Amino acid sequence: MSLPVLTISPEVQTALSSNQGIVALESTIITHGMPYPQNRDTAMGVEQAVRDSGAIPATIAILDGQIMVGLDEEQLETLARSSNAMKLSRADLAMALARKAMGSTTVAATMIIAHLAGIKVFATGGIGGVHQGAELSFDVSADLQELSRTPVSVICAGAKAILDIPKTLEVLETLGVPVLAYGQDEVPAFWSRSSGLAAPLRADKVSEIVDFLQARDSLQISGGVLVTNPVPAEAEIPQAEMQTFIAQAIEESQAAGISGKAVTPWLLGRIVEITEGRSLVTNQALIINNARLAAELAVALSQR
Ligand code: PSU
Ligand code: MN
């Protein structure tokens with residue numbers, strides 16, 4: 001048995017050995033979450049936001065079967081332009097290595113690699129969860145299981161409102177995953193600040209999250225933590241407005257027979273079209289907002 005060799009960029013390597021704050025970033029949002037060139041611009045903007053807040057970004061992806069932890073600009077461009085990257089989760093991550101393929105990592109796969117690299121904080125847009133109609137389709141993202149087992153703190157803007165948020169919260173509770181809302185009582189709903197659902201836990205300051213993580217460690221409770229950070233007010237699309245767009249997209253996806261891994265990318269793409277790009281602007285704003293909070297957390301953790 002040998003560990004898969006990680007190709008860690010020089011910058012991330014230096015940050016690891018000098019105990020600087022590092023923020024892992026996923027790549028499925030680049031290959032399957034946004035169109036080109038907004039995907040590239042967002043990825044670069046997110047990296048910049050991490051730097052501006054004093055941490056080092058580590059975007060994770062598979063290139064030619066190599067696990068990359070930290071991408072340079074050219075590698076990011078290659079990924080952003082690609083149309084054949086595999087969307088990788090826990091189940092298929094190893095196949096991209098075996099085939100020496102190009103692949104992007106979902107929340108689940110990014111957590112696995114971040115943990116292998118020794119990175120404790122990860123920023124994304126929204127996690128996968130329980131899909132609407134899951135009682136028939138059984139479509140529940142592998143992200144939820146991963147949160148229960150892999151010790152990485154994931155900063156997101158809540159579960160995407162294309163999901164069944166109450167069921168997603170129930171499954172997270174069953175799996176023992178703490179869900180914190182940052183600065184408010186409600187769990188945010190990705191494009192919207194409110195979901196109408198009370199968050200199980202709340203934190204108002206980064207230091208409170210650090211205290212919570214340290215208390216968990218002292219109890220030897222392993223697994224991930226989900227911090228949900230509401231989209232900035234000026235960029236949000238209110239839930240009532242979003243609901244009609246989402247319902248239309250889901251209805252169309254069912255009529256078109258979309259299933260499996262294709263569901264999330266298809267819905268996100270269709271919602272960008274239906275909202276004439278407005279959802280994309282919101283998506284960019286929320287992920288940058290999450291990158292900032294993640295960087296603050298990574299820096300605070302490295303200082304304790
Ligand atoms: N949030 C976004 N865009 C995305 C995703 C989340 O705004 O592309 C991706 C994440 O990588 C997440 C994945 O892990 O969708 C979930 O896919 P699935 O539902 O197939 O597990
Ligand atoms: Mn699924």
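Up top is the structure.
A brief report on the enclosed structure follows. Note that this is a predicted model, so its numbers are computed, not measured.

Calculation rules
Residues numbered from 1 in each chain as written. Chains lettered and ligands numbered in written order. Predicted model: local features only at pLDDT ≥ 70, side-chain atom pairs only at ≥ 80, totals over all residues. Heavy atoms only, no water. Buried < 20%, exposed > 50% of the residue type's maximum accessible area, 1.4 Å probe, protein only. Helix = DSSP H or I, 4+ residues; strand = E, 2+ residues; numbered from the N terminus. Arc of directions from axis to C-beta. Contact = heavy atoms within 4.5 Å. Polar contact = N/O pair within 3.5 Å; in protein donor to acceptor, adjacent residues only side chain to side chain. Phe/Tyr/Trp six-rings, centres within 6.5 Å; stacked < 30°, edge-to-face > 60°. Axes fitted to C-alpha atoms, helices over the stretch in contact; angles between N-to-C directions. Parallel < 35°, antiparallel > 145°, perpendicular 65-115°, else oblique. Left-handed = near helix turned anticlockwise from the far one by under 90°. Nonpolar A, V, L, I, M, F, W, Y, C, P; charged D, E, K, R; others polar. Pairing = 2+ DSSP bridges.

Let's talk about helix α8 (residues 142–149)
- Within the span of α8, buried status applies to D143, L144, E146 and L147. Buried residues of α8, seen end-on, are gathered within an arc of 165° and therefore sit on one face of the element.
- Taken together, the buried residues of α8 touch α6 (107–117), β8 (153–156), α9 (165–174) and β11 (225–228).
- N-capping of α8 is provided by S141, with a side-chain oxygen placed 3.0 Å from the backbone N of D143.

Comments concerning unusual backbone geometry
- The residue after Y36, namely P37, is reached through a cis peptide bond having omega 5°.
- Relative to the helices and strands, P37 is located in the loop between α2 (28–31) and α3 (38–52).
- You will see that E276, though not glycine, has its phi angle at about 50°, which is positive.
- Mapped onto the elements of the fold, E276 is located in the loop between α12 (263–274) and α13 (278–303).
- Classification of E276 by relative accessible area gives exposed; the value is 75%.

Description of the packing of aromatic side chains
- This model, assessed by the stated rule, comprises one aromatic pair.
- With centroids separated by 4.8 Å and ring planes inclined at 90°, the aromatic side chains of F190 and W191 adopt a geometry described as edge-to-face.

Quick notes on the packing of α3 against α13
- It is the contact of α3 with α13, at a shortest axis distance of 8 Å, that shows an interaxial angle of 25°. Regarding the angle of α3 to α13, the classification is roughly parallel. Seen along the crossing, α3 lies across α13 with a hand that is right-handed. Contact with α3, carried on its side by Q38, T42, G45, V46, A49 and V50, involves L280, Q284, I287, I288, A291, R292 and A295 of α13 and no other residues of that element.
- Looking at side-chain class alone, the contact of α3 with α13 contains eight nonpolar, four polar and one charged residues.

Overview of the pairing of β8
- Neither face of β8 is left uncovered, since the one carrying S153 and I155 and the one carrying V154 and C156 both have all their residues buried.
- Direction of pairing for strand β7 (residues 121–123) relative to β8: parallel, over a ladder of three bridges. By the bridge assignment for β8, A123 is matched with I155.
- As paired strands, β8 and β11 are joined by four bridges and run parallel to one another. Bridge pairing in β11 links I155 to V227.

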